[in-house]
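Structural characterization, general
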Amino acid sequence: MELDVPLLRSDTPGVANVLHFNNAGAALPPRPVLDAVMSHLAREAAIGGYEAAAEAADRIADVYDAIATLIGARPDEIAVVENATRAWDMAFYAVPFRAGDRVITARAEYLSNYLAFLQMKARVGIEIDVVDSDASGQLDLAALERVIGPRTKLIAITHVPGRGGLVNPAADVGRIAARHGILYLLDACQSVGQLAVDVREIGCHMLSAAGRKYLRGPRGTGFLYVRRDTIGDLEPPFIDLEAAAWIADTYVVRDDARRFENWERFGAGQIGLAVAARYAVRVGIDAIEARVKALGALLRRELAKRPGVSVHDRGVEQCGIVAFLKDGEAPGKTRDRLRAMSINAHEARLSRLDLPARGSDAVVRASVHYYNDESEVERFVRAVAD
């Protein structure tokens, strides 16, 4: 199915103001998401926050079914939190690590996640095994299999690392984790909303994602998926009256994924997140993936044709994120020069794990979405080169 791009652009008010190639940072919301958030905020102002939440209880609760439908999960396997990092943290810090347990990750891991590994190493005494990339730049599956040992507790990787177009083979990792009986945590911050993500097919026990990026939801929203048979094995790192009940001199934690939530939440944002998930399903996630990948490939080809511009994407499978450098111009300078022309891109800082392979500490990151069009690719490339 081909997308009706002009119609989708007409449903995206922001395209009238900017050429937005920073969807991996925060995508432009579609009109239904914008309307849902703004109308609920207006209702809060009119009658009060608690009262507006009670009035909109069904719309707030719809987020669990909407997200579950999007990623092939069950509603009771979904927790709504403030952002993808908090979702990932709630899963990682719930794993009952002991001294000597080992965590396997990839060289292209997200910086915040690796900081958590380091903290857990200092706090508990875990060991971190970093699996090298293969010749293409993606996680080396054979090397992953070799490094698994009797003390391996967790495999934690990022699906789309976000510093370029690389898509790691998440489902292949899931099959390896299942074969060895190891917990598998997938950071899907950049893939949900851009790629078809099915948690059953991937085989992960836990998955974290953001609302603001390719899903086109509000900032300040994210979600965590935890597989039904795994929930009971994970004690939340902290609880409140949403996550648990106080009974006599003890407490009982909820038996669903909402044990990882807290009571206070961004009501308008949760409504907007549900609308964004439903919108993506309605547009068609397979069609979205095809469109985004095609635009990303076009942008890579056109940038590579320009003298003095080098493309730095890796991996067998690539998505809508494109990393590049312009000779003689620092990535931050390129970003600022483009922004002065109402063109949005991002300076992506590389992790210490990435530096030896990349040879640079940052790249310019351009990230396209399905509502972008070919004329914007042409304009962007011309602005970069000229």
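Counting starts from 1 at the beginning of each chain's written sequence and moves along it residue by residue. A pLDDT threshold of at least 70 governs which residues receive local features in this predicted model, and a stricter bar of 80 or more applies before side-chain atom pairs are shown or counted, although totals over entire chains, interfaces and linings include all residues. Processing note: side-chain calculations cover all non-hydrogen atoms of the structure and skip hydrogens and water entirely.

1. Description of the layout of surface pockets
- In this structure, the largest pocket occupies an estimated 450 Å³ of space.
- Using a grid of 1 Å spacing that covers the protein atoms alone, one calls a set of points a cavity when a 1.4 Å probe fits there but cannot get out, and a pocket when the set is open and has protein on both sides within 12 Å along at least five of seven lines; lining residues are those with an atom within 4 Å of a point. Taken together, 27 residues form the lining of the largest pocket, with Tyr 110, Gln 190, Arg 212, Lys 213 and Arg 365 sitting closest to its centre.
- Those elements that provide at least two residues to the lining of the largest pocket are helix H5 (84-92), helix H6 (111-123) and strand E16 (346-349).
- Top contributing element to the lining of the largest pocket by residue count: E16, with four residues.
- Estimated volume of the second largest pocket: approximately 350 Å³.
- Along its surface, the second largest pocket is lined by 16 residues, and Ala 53, Ile 60, Trp 263, Arg 265 and Gly 267 are the ones closest to its centre.
- Elements represented by at least two residues in the lining of the second largest pocket include exactly helix H2 (31-47), helix H3 (49-55), helix H4 (57-71) and helix H11 (267-283).
- Counting residues per element, the lining of the second largest pocket draws most heavily on H4, which supplies four residues.
- When residues are grouped by polarity, Ala, Val, Leu, Ile, Met, Phe, Trp, Tyr, Cys and Pro land in nonpolar, Asp, Glu, Lys and Arg in charged, and all others, Gly among them, in polar. Partitioned by chemical class, the residues of the lining of the second largest pocket number seven nonpolar, four polar and five charged. Grid points are joined across faces, edges and corners, and a volume is the space filled by probe spheres set on the points. Secondary structure elements are defined from DSSP: runs of H or I of at least 4 residues count as helices, runs of E of at least 2 residues count as strands, and each element is numbered from the N terminus.

2. Side note on H2
- Between its first and last C-alpha atoms H2 spans 24 Å; for 17 residues at 1.5 Å apiece the expected length is 24 Å, and the two agree.
- For every residue, the accessible area obtained with a 1.4 Å probe (protein chains only) is divided by the maximum for its type, and the residue is called buried under 20%, exposed over 50%, and partly exposed between those limits. Looking only at H2, the buried set comprises Val 33, Ala 36, Val 37 and His 40. Down the axis of H2, the smallest arc covering the buried residues is 90°, so these residues share one side. With respect to the buried face of H2, the exposed residues turned more than 90 degrees away are Met 38, Ala 45 and Ala 46.
- We call two residues in contact when some of their heavy atoms are within 4.5 Å. The secondary structure elements touched by the buried residues of H2 are H3, H4 and H11.
- Gly 48, located one to two residues past H2, shows a positive phi value of around 110°. Expected helix span is taken as 1.5 Å per residue step, with the number of steps being one fewer than the number of residues. The directions considered for the arc are those from the helix axis to the C-beta atoms.

3. Comments concerning the packing of helix H12 (residues 285-305) against helix H15 (residues 374-385)
- Helix axes use the C-alpha atoms of the stretch in contact, all axes being lines fitted to C-alpha atoms, and the angles between their N-to-C directions lie in the range 0 to 180 degrees. Contact geometry for H12 and H15: axes closest at 10 Å, N-to-C directions at 30°. When the axis of H12 is compared with that of H15, the two are roughly parallel. Judged by the sense of rotation from one axis to the other, the crossing of H12 with H15 is right-handed. Contacts between H12 and H15 involve Arg 291, Leu 295, Leu 298, Leu 299, Glu 302 and Leu 303 on the former and, on the latter, Glu 374, Val 377, Phe 380, Val 381 and Val 384.
- Its residues placed into classes, the contact of H12 with H15 shows eight nonpolar, no polar and three charged. The labels follow the angle: roughly parallel below 35 degrees, roughly antiparallel above 145, roughly perpendicular from 65 to 115, and oblique for the rest. Each crossing gets its hand from how the near helix is turned against the far one by less than a right angle, where anticlockwise is left-handed and clockwise is right-handed.

4. Here's the deal with the packing of H4 against H11
- For the pair H4 and H11, interaxial distance at closest approach is 8 Å and the crossing angle is 35°. Two packed elements cross with a definite hand, and for H4 against H11 that hand is left-handed. Contact with H4, carried on its side by Arg 59, Ile 60, Asp 62, Val 63, Tyr 64, Asp 65, Ala 66, Ile 67, Thr 69 and Leu 70, involves Gly 267, Gln 270, Ile 271, Leu 273, Ala 274, Ala 277, Arg 278, Ala 280 and Val 281 of H11 and no other residues of that element.
- Class assignment of the residues belonging to the contact of H4 with H11 gives a composition of twelve nonpolar, three polar and four charged.

5. Thoughts on the sheet that holds strand E14 (residues 321-326)
- Following DSSP output, two strands are said to pair if at least two bridges run between them. If you walk across this open sheet you meet the four strands as E12-E14-E17-E16, and the pairing is antiparallel. The sheet is open, and its two borders are formed by strand E12 (309-311) and E16, each paired with just one other strand. When strand polarity is set aside, the average angle formed by the axes of neighbouring strands in this sheet is 40°.
- Pairing of E12 with E14 involves three bridges; the strand directions are antiparallel. What sits directly across from Ser 310, in E14, is Leu 325.
- Sitting on the sheet, H12 touches E12, E14 and strand E17 (362-367), and the angle it makes with E14 is about 15°.

6. Regarding H15
- Here H15 contains twelve residues, and its C-alpha end-to-end distance of 17 Å stays within 8% of the 16 Å for a straight helix at 1.5 Å per residue.
- Listed as buried for H15 are Glu 376, Val 377, Phe 380, Val 381, Ala 383 and Val 384. The buried residues of H15 all sit within an arc of 165° when viewed along its axis, so they share a single face.

7. Some details on the sheet that holds strand E9 (residues 222-226)
- Pairing is mixed across the open sheet formed by seven strands, whose spatial order is E2-E9-E8-E7-E5-E3-E4. Every other strand in the sheet has two partners, leaving strand E2 (78-81) and strand E4 (127-131) as the edge strands with one partner each. For this sheet, the mean angle separating the axes of adjacent strands, direction not counted, is 20°.
- The sheet contact formed by strand E8 (residues 206-210) and E9 spans five bridges and is antiparallel. For Ala 210, the partnering residue across the bridge sits in E9 and is Gly 222.

8. Observations concerning the side chain of Glu 261
- Turning to its location among the elements, Glu 261 is positioned in the loop between strand E11 (250-253) and H11.
- A residue is classified by how much of its surface remains accessible, and Glu 261, at 2% relative accessible area, is buried.
- Excluding its chain neighbours within four sequence positions, the residues that come into contact with Glu 261 are Tyr 64, Ile 78, Ala 79, Val 80, Asp 240, Glu 242 and Ala 243.

9. A look at the pairing of E4
- Both strand E3 (residues 102-106) and E4 contribute to a ladder of five bridges, which runs parallel. Bridging across to E4, Val 103 finds its partner in Ile 128.
- Whether a crossover is right-handed comes down to one check: with the strands pointing away from the viewer, does the path from the first strand over the helix to the second run clockwise; if it does, it is right-handed. The β-α-β motif built from E3, the intervening H6 and the parallel element E4 has right-handed crossover chirality.

10. What to know about the pairing of E8
- The element E8 is extensively covered by neighbouring structure, given that five of its five residues are classed as buried.
- The side-chain alternation of E8 yields two buried faces, one formed by Met 206, Ser 208 and Ala 210 and the other by Leu 207 and Ala 209.
- Sheet analysis places strand E7 (residues 183-187) next to E8, joined by three bridges and oriented parallel. Within E8, the position partnered with Leu 185 by the bridge is Met 206.

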